[in-house]
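Below are the chains, spelled out letter by letter.
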Amino acid sequence: MKDRSEILRSVTAAVKASRLAKLASKSLSIGACARCCLRILGCTDFNLYPDEEEVLLSCLEEVMEVKQSQKGVCGLCLGILQSAGDPATVATLIDGYKQAGYEVEDCILNVSVPTNVRIRQAAFTYFAQDELDSAEASDLLSAVVELKEAVKWVLGYRLEEDGKLPFKASSAFVVSAQFGHAETEKEGRELVGHSGPPSKKGKSHQQKGGSNKGPSQHEVARVLSQLDRADLEKHTCIPPQVCSTPPNITISCEHKPIYIRGAYQKFSRMLSQSPWSVGGVQMTASSIQDEITTPMKELLHAKEASLTAAGREDVDVRMLGDGRPFVIEIRDPKTPLPLKDAASVPQLEADINRRSDDVSVSGLAIASSSIYEEMKEMEERKTKMYRCVVWTSRACSKQEVEALSDLKDIELAQWTPLRVLHRRTLLNRPRTVHSLH
């Protein structure tokens, strides 16, 4: 951390540069935390926010010549930003990441705040309009830093400093911090309940969120847009008042999917493309998906992976030639770093081919989610080559067989095959046989 004199210089610069210094000073005097005052000032010096709350507070009081007369949990951020750098919050953050067991190089942060924050923000807006020239209020308030952004600056710094995990603007690994504040939950419930029955979207959010509570962000925003100041003051105070209890925080981690493309050949006539069971009974000992994804899941410590191919063949049909294009989606890999090594993908391909006698893969490469669109386009323009044994009810002469080779671009109308009718619509689809050999 920086020494106080350095912090004081940064705070002084932020106050002098802001057109909202008067509003920040008034907010501080009625209990807003130091970091929220920095937000109100429009301070975008993200290196300032991680400094200790007490030091920031003393510097702001000195520069703005005002004292924080009401002590407690900040009523504007509900203590979320105020406590973001506290040892207990930092310990929960670091422990949550480390206990998840990922081996990664960097991360991005997702921050979720309770709906009650939106209500407090609405109350603060009315308070700000009282303190500012109403004609300029809207324009001036647009400079206030968003709460979640400021929280990311604090947590991201602590994650990098204490957890040795760099916080980046872009990363495949996501650390999510979900905040709650039980003391003010009733504000959201009463607000939405007062406005009448919730919308379908609000209901859906409540069902998915289970018991955790209350209306969705969408529902609260909808109700707030319909309320005037007098109605809002029935549910919360203007300006926002300090709280008595701190927020709670829950940490979860997830790695975005990894996509690997390639092509497979299938040599067995007893192998389905994906796991196949009927009535809970496994119909084949394995599947193409299992043969390809098992080594991938072992390497990357992932629980789930799925195969999407450009079409499929029947269980008892082989797939030869150049193979069938496919993409594997590996979900939430714990150890994605092996794929950083350029030699790892060829090694993975060799491992799959060594372990399976029924399936061979080629051309493995890291892909992005856009590969699905590419495969869809490929499906629409691809041609296939079939090799099969044809039975006829009578013997055919050599001349008749040779005559088939002269036929080109034979147009057929194919009804949906009975074997797939249970999962596909009954349609008459045009097909073209380009040539016979």
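Residues numbered from 1 in each chain as written. Predicted model: local features only at pLDDT ≥ 70, side-chain atom pairs only at ≥ 80, totals over all residues. Heavy atoms only, no water.

Per-chain confidence: the chain averages 91 in pLDDT, with 95% of residues scoring 70 or above. When mean pLDDT is compared element by element in the chain, helix H3 (residues 34-40) scores highest at 98, while helix H10 (residues 200-209) scores lowest at 45. Within the model, the stretch residues 202-212 combines pLDDT values under 50 with eight contacts to residues more than four positions away or in other chains. (pLDDT = per-residue confidence, 0-100. Helix = DSSP H or I, 4+ residues; strand = E, 2+ residues; numbered from the N terminus. Contact = heavy atoms within 4.5 Å.)

The next thing to look at is the packing of helix H2 (residues 21-29) against helix H6 (residues 116-131). It is the contact of H2 with H6, at a shortest axis distance of 10 Å, that shows an interaxial angle of 120 degrees. Considering the angle they form, H2 stands oblique to H6. For the crossing formed where H2 meets H6, the hand is right-handed. Contact with H2, carried on its side by Lys22, Leu23, Lys26 and Ser27, involves Phe124, Phe127, Ala128 and Glu131 of H6 and no other residues of that element. (Axes fitted to C-alpha atoms, helices over the stretch in contact; angles between N-to-C directions. Parallel < 35°, antiparallel > 145°, perpendicular 65-115°, else oblique. Left-handed = near helix turned anticlockwise from the far one by under 90°.)

Attention now goes to the side chain of lysine 266. Mapped onto the elements of the fold, lysine 266 is located in strand E4 (residues 258-266). From its side chain, lysine 266 meets the backbone oxygen of valine 315 in a polar contact 2.7 Å long. Those residues in contact with lysine 266 that lie beyond four places of it in its chain are Leu271, Ile288, Glu313, Asp314, Val315, Asp316, Val317, Arg318, Met319, Leu320 and Asp358. (Polar contact = N/O pair within 3.5 Å; in protein donor to acceptor, adjacent residues only side chain to side chain.)

Counted at 1.5 Å a residue, the expected span for helix H14 (residues 344-355) with its twelve residues is 16 Å, and the 16 Å between its end C-alpha atoms agrees. Along H14, the residues classified as buried are Ser344, Val345, Leu348, Glu349, Asp351 and Ile352. Seen along its axis, H14 keeps its buried residues to an arc of 160 degrees; they face one direction. The outward face of H14, more than 90 degrees from its buried face, is lined by the exposed residues Gln347 and Arg354. Where H14 is buried, its residues touch E4, helix H13 (288-300) and strand E9 (359-367). (Expected span 1.5 Å × (residues − 1). Buried < 20%, exposed > 50% of the residue type's maximum accessible area, 1.4 Å probe, protein only. Arc of directions from axis to C-beta.)

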